[in-house]
Amino acid sequence: MPHVIIKHFAATLTAEQQATLCEAITQSVTQTFGCSPHAVSIALRPVAPEDWHSSVFVPDIQTHPQELIKSPDYSAA
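This text gives an overview of the structure that appears in the document. Note that the structure is predicted; figures quoted are calculated from it, not measured. (Residues numbered from 1 in each chain as written. Predicted model: local features only at pLDDT ≥ 70, side-chain atom pairs only at ≥ 80, totals over all residues. Heavy atoms only, no water.)

On to the packing of aromatic side chains, then. In the structure shown here, the tally under the stated rule is 2 aromatic pairs. Taking the centre distance of 5.4 Å and the plane angle of 85° together, the rings of Phe9 and Trp52 count as edge-to-face. Taken together, the positions of Phe9 in the loop between β1 (3–8) and α1 (15–33) and Trp52 in helix α2 (residues 52–62) put the pair 43 residues apart, joining distant regions of the chain. (Phe/Tyr/Trp six-rings, centres within 6.5 Å; stacked < 30°, edge-to-face > 60°. Helix = DSSP H or I, 4+ residues; strand = E, 2+ residues; numbered from the N terminus.)

Okay, here's the thing in structure tokens:
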């Protein structure tokens with residue numbers, strides 16, 4: 001039962017953009033984990049830029065580096 005949470009700065013996505021993102025993530029997850037598309041759930045969670053460090057970086061990235069399959073390079077962003 002994969003559940004994907006995408007934390008991001010606020011962005012207004014059209015229904016088409018959301019559908020495209022959903023399809024791409026669902027396809028990748030089902031192929032990788034060998035599960036049914038019906039088992040996949042995806043959430044978009046906006047985070048204010050001023051809250052990113054305390055709400056995302058520290059608890060999700062800095063505290064759990066062993067879970068990352070891709071690390072950020074904020075200096076290149």
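Within the fold, Thr30 resides in helix α1. If near-sequence neighbours (up to four positions away) are discounted, Thr30 is found in contact with Cys35, Ser36, Pro37 and Val40. (Contact = heavy atoms within 4.5 Å.)

Honestly, that's just the spatial picture; any functional story needs more than this.
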